[in-house]
Amino acid sequence: MSIWVDIARLSVGMSAAFLVVLLFIWGRNLLTFRSKHALGLVVFGFFLLAQNLFALYYYLVDPTLSVWFATEMPDIAWQVLMGIHVLQAVALAVLLWVTWD
Amino acid sequence: MEGVLWYVLTGTRGGANRIRILRELSERPRNANRLAEELHLDYKTVRHHLDVLVQNGVVEHSGTGYGSVYIPSGQTRQHWDTIERIIAQVTE
């Protein structure tokens, strides 16, 4: 187990947390504006959140795959996954920053 | 511009209040203090929304400082049909 695993998991967790806040804001806007755009943002956020929760589930909970991810997967593969998850977390942080206004 | 209007007015946390401000400003230009009174909002809240609207080119102001008066920008007036569609979708 290496630091890459922890950073990857942390990034997925942070993405999920950002999306929960975004969904709260977008969901409240959907109640105010019954518009296609408001609905689209909520649906987008919902599916991206589902994707992140799936990833967290298989990394941490799933009895077979979480063990495999933790023990069998080589460092280089974790480094790539970590990169992908970190980029997504940064992207969502920026989106949350402009949405918080 | 249309995308900016949709996001700044319906995608963000303060969108609903920004629409109320824009609706007031479309009737007549006002300063921040006056807007706060009419909309029963905190002066600092109004200031924040006006800054966001100015940064995104949605409103513009004449003069500086306390008495500065705000009006919808030229771009916003060009896309006023979009604003009206957004206003029409507000469920109160």
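Residues numbered from 1 in each chain as written. Chains lettered and ligands numbered in written order. Predicted model: local features only at pLDDT ≥ 70, side-chain atom pairs only at ≥ 80, totals over all residues. Heavy atoms only, no water.

As recorded in an unreviewed UniProt entry, chain B goes by ArsR family transcriptional regulator and comes from Haloferax litoreum.

J.: Whenever I open this one, unusual backbone geometry confuses me. Can you help?
T.: Residues and elements named next belong to chain B. If you check the backbone angles, His40 has positive phi at about 55 degrees while not being a glycine. Here His40 is to be found in the loop between helix 3 (32–39) and helix 4 (43–55). You can call His40 exposed: its relative accessible area is 72%. (Helix = DSSP H or I, 4+ residues; strand = E, 2+ residues; numbered from the N terminus. Buried < 20%, exposed > 50% of the residue type's maximum accessible area, 1.4 Å probe, protein only.)

J.: Is there a simple way to explain the UniProt feature "domain: HTH arsR-type" (unreviewed entry) in chain B in this structure?
T.: Residues annotated in UniProt with the feature "domain: HTH arsR-type" (unreviewed entry) correspond here to residues 17–60 of chain B. Taken end to end, residues 17–60 of chain B comprises 73% helix and 9% strand; its first and last C-alpha atoms sit 17 Å apart. (UniProt positions renumbered as here; feature names shortened; annotations may be inferred.)

J.: Could you clarify how one ought to interpret the pairing of strand 3 (residues 69–72) of chain B in this entry?
T.: For a regular strand, side chains alternate in direction, first toward one face of the sheet and then toward the other. All names here are of chain B. Burial of the side chains of strand 3 is restricted to one face: Tyr70 and Pro72 are buried, whereas none of Val69 and Ile71 on the reverse face is. Relative to strand 3, strand 1 (residues 30–31) is paired through 2 bridges, and the arrangement is antiparallel. Residue pairing in the sheet places Asn31 in a bridge with Val69 of strand 3. Note: strand 2 (residues 59–62) against strand 3, 4 bridges, orientation antiparallel. Paired with Glu60 across the strands is Ile71, a residue of strand 3. (Pairing = 2+ DSSP bridges.)

J.: When you look at the pattern of salt bridges in this model, what are you seeing that I'm missing?
T.: In a structure, side chains of opposite charge can pair up when their charged atoms sit close to one another. All names here are of chain B. For the coordinates displayed, the defined rule picks out 6 salt bridges over all chains. Here Asp51 ties to Arg47 by a salt bridge, and the two come within 3.4 Å at their closest N and O atoms. Of the two residues, Asp51 and Arg47 both sit in helix 4, 4 residues apart, roughly one turn of that helix. Notably, a salt bridge pairs Glu60 with Arg77, separated by 3.9 Å at the nearest N-O pair. Of this pair, Glu60 sits in strand 2 while Arg77 sits in helix 5 (residues 74–78), and the two are 17 residues apart along the sequence. For Glu60, a relative accessible area of 36% gives the class partly exposed. Bridged by salt links that share partners, the residues Glu24, Glu27, Arg30, Arg34 and Glu38 form one connected network. (Salt bridge = Lys/Arg side-chain N within 4 Å of Asp/Glu carboxyl O.)

J.: Even after reading the chapter, I still don't get the UniProt feature "transmembrane region" (unreviewed entry) in chain A, so can you show me in this structure?
T.: Residue and element names in this part refer to chain A. Taking the UniProt record as the reference, the feature "transmembrane region" (unreviewed entry) is found at residues 6–26, 38–60 and 80–100. Within residues 6–26, the helical portion is 100% and the strand portion 0%, while the C-alpha atoms at the span's ends are 30 Å from each other. Across residues 80–100, helical content stands at 95% and strand content at 0%; the span's end C-alpha atoms are separated by 30 Å.

J.: I tried to follow helix 2 (residues 36–61) of chain A on my own but got confused; where do I start?
T.: Note on helix geometry: an α-helix contains 3.6 residues per turn, so any two residues three or four positions apart are oriented the same way. When the terminal C-alpha atoms of helix 2 of chain A are compared, their 36 Å separation across 26 residues agrees well with the 38 Å that a helix rising 1.5 Å per residue should span. For helix 2 of chain A, every residue scored as buried is listed here: Ala38(A), Leu41(A), Val42(A), Gly45(A), Leu48(A), Leu49(A), Asn52(A), Ala55(A), Leu56(A) and Tyr59(A). Looking at the buried residues of helix 2 of chain A, the elements they touch are helix 1 (3–32), helix 3 (65–71) and helix 4 (75–99) of chain A together with helix 1 (2–11) of chain B. (Expected span 1.5 Å × (residues − 1). Contact = heavy atoms within 4.5 Å.)

J.: Quick question: what am I supposed to make of the interface of chain A and chain B here?
T.: The extent of an interface is frequently quoted as the accessible surface area lost upon association of the parts. Counting residues at the interface gives 16 residues for chain A and 18 residues for chain B. Between chain A and chain B, the buried area comes to about 1,400 Å², and carbon and sulfur atoms account for 56% of it. By the criterion of area lost to chain B, the three top residues of chain A are Phe33(A), His37(A) and Asp101(A), representing 41% of everything that side buries. Scanning the region where chain A abuts chain B turns up 0 salt bridges. At the level of elements, helix 1, helix 2 and helix 4 of chain A are the ones that each hand at least two residues to the side of chain A that touches chain B. The biggest single contributor to the side of chain A that touches chain B is helix 1 of chain A, with 6 residues. (Buried area = accessible area lost by both parts, 1.4 Å probe.)

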